[in-house]
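# A structural walkthrough
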Amino acid sequence: MKHKWIIAGALVTVLLLICMAAVVIMFFSLNQAQISGGDVDLHVFQNDLFSAEEDQEWSFTADGAMELVIDSSAGDVEVTGGQGEEILVTAHKTAWDSSQAKADVALKEMPIEVKQDGNTIIVKFLPPPKVMVAGSSRADTVDFTIQVPGNTSVQASLDFGDITLSDVNGEA
């Protein structure tokens, strides 16, 4: 009877060692991907409890019929048409991390691209994926509010969030 408990104890110990080795290998593999320039945002044993927020604006002047192309990972998009020739893009950015200092840094490093290429306005928010090993994570988001001339065509692709179009007569 004693030998059964010793064998069971040895098996449990071996199982725990195998699990710990798997976690260590996963940690160093993901950490190496981040060090080697891979697009991985690694979070190990942390909770995203602190947030930082900021608004940023861009403006462009329309020259004829315009096209708006939006590609965003997380956040809401509201596009409103109007009478003027000005295009105004406002981004409300929210970043989350395990400390206020880290959230502030994450906010400044958010990969937002807003540019004009001819008659096309391109709006992008495509952050690297977060990998959470243990803990809880909240997604960084950018809510875009965009005012465009009423005849602007709109193409939008969002992974998470809502799209609202109003008073836009171009193709959508």
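Everything below is about the structure printed above this text.
I will try to describe carefully the structure that is included in this document.

Criteria and thresholds
- Residues numbered from 1 in each chain as written.
- Predicted model: local features only at pLDDT ≥ 70, side-chain atom pairs only at ≥ 80, totals over all residues.
- Heavy atoms only, no water.
- Helix = DSSP H or I, 4+ residues; strand = E, 2+ residues; numbered from the N terminus.
- Polar contact = N/O pair within 3.5 Å; in protein donor to acceptor, adjacent residues only side chain to side chain.
- Phe/Tyr/Trp six-rings, centres within 6.5 Å; stacked < 30°, edge-to-face > 60°.
- Lys NZ or Arg CZ within 6 Å of the ring centre and 35° of its normal.
- Pairing = 2+ DSSP bridges.
- Axes fitted to C-alpha atoms, helices over the stretch in contact; angles between N-to-C directions.
- Contact = heavy atoms within 4.5 Å.
- Salt bridge = Lys/Arg side-chain N within 4 Å of Asp/Glu carboxyl O.
- Buried < 20%, exposed > 50% of the residue type's maximum accessible area, 1.4 Å probe, protein only.

### What to know about the side chain of Lys93
Turning to its location among the elements, Lys93 is positioned in strand β6 (residues 86-97). A polar contact of 3.0 Å, which involves the side chain of Lys93, links it to the side chain of Gln56.

### Quick notes on the packing of aromatic side chains
Applying the stated criterion across every chain yields a total of zero aromatic pairs. Taking NZ or CZ as reference, Arg138 lies 4.1 Å from the ring centre of Trp96, over its face.

### Some thoughts on the sheet that holds strand β13 (residues 163-166)
If you walk across this open sheet you meet the five strands as β3-β6-β11-β5-β13, and the pairing is mixed. The strands lining the two open edges of the sheet, one partner per strand, are β3 (50-61) and β13. Recorded for the sheet is a direction-independent mean angle of 10° between the axes of neighbouring strands. Sheet analysis places strand β5 (residues 77-82) next to β13, joined by four bridges and oriented parallel. Bridged to Val77 within β13 is Ile163. Across the sheet, helix α2 (residues 100-108) is in contact with β3 and β6; its angle to β3 comes to roughly 15°.

### Here's the deal with the pattern of salt bridges
Taken as a whole, this structure holds three salt bridges when the rule is applied. Linking Glu54 and Lys108 is a salt bridge whose minimum nitrogen-to-oxygen distance equals 2.7 Å. Placement of the pair is Glu54 in strand β3 and Lys108 in helix α2, with a sequence separation of 54 residues. When its relative accessible area of 60% is taken as the criterion, Lys108 is described as exposed. Taking the shortest distance from any N to any O, the salt bridge between Lys115 and Glu113 comes out at 3.2 Å. Relative accessible area serves as the criterion here: at 31%, Glu113 is assigned to the partly exposed category. Put simply, Glu54, Lys93 and Lys108 are held in one network by salt bridges that share partners.

### What about the environment of Ile70?
Summarising the element assignment, Ile70 is placed in strand β4 (residues 67-74). Sequence separation between Ile70 and Leu158 is 88 residues, and the spatial gap between their C-alpha atoms is 7.9 Å. The residues contacting Ile70, other than those within four sequence positions of it, are Val77, Val79, Val123, Ile146, Gln155, Ala156, Ser157 and Leu158.

### Thoughts on the side chain of Asp140
With respect to the helices and strands, the residue Asp140 is situated in the loop between β10 (135-136) and β11 (141-149). A polar side-chain atom of Asp140 sits 2.8 Å from the main-chain amide nitrogen of Trp96.

### Observations concerning the sheet that holds strand β7 (residues 112-117)
Here we have four strands laid out as an open sheet, ordered β7-β8-β4-β12, and mixed in their pairing. Each edge of the sheet is formed by a strand with only one pairing partner; in this case those strands are β7 and β12 (153-160). In this sheet, neighbouring strand axes are inclined to one another by 5° on average, regardless of whether the strands run parallel or antiparallel. Looking at chain direction, β4 and strand β8 (residues 120-125) are connected through six bridges and run parallel. The partner of Ser72 across the bridge, within β8, is Phe125.

### With respect to the pairing of β11
Sheet topology note: the β5/β11 ladder contains six bridges and is parallel. Residue Val77 lies in a different strand from β11, and its bridge partner there is Phe144. Here β6 runs beside β11; their pairing, made up of seven bridges, is antiparallel. The partner of Val89 across the bridge, within β11, is Ile146.

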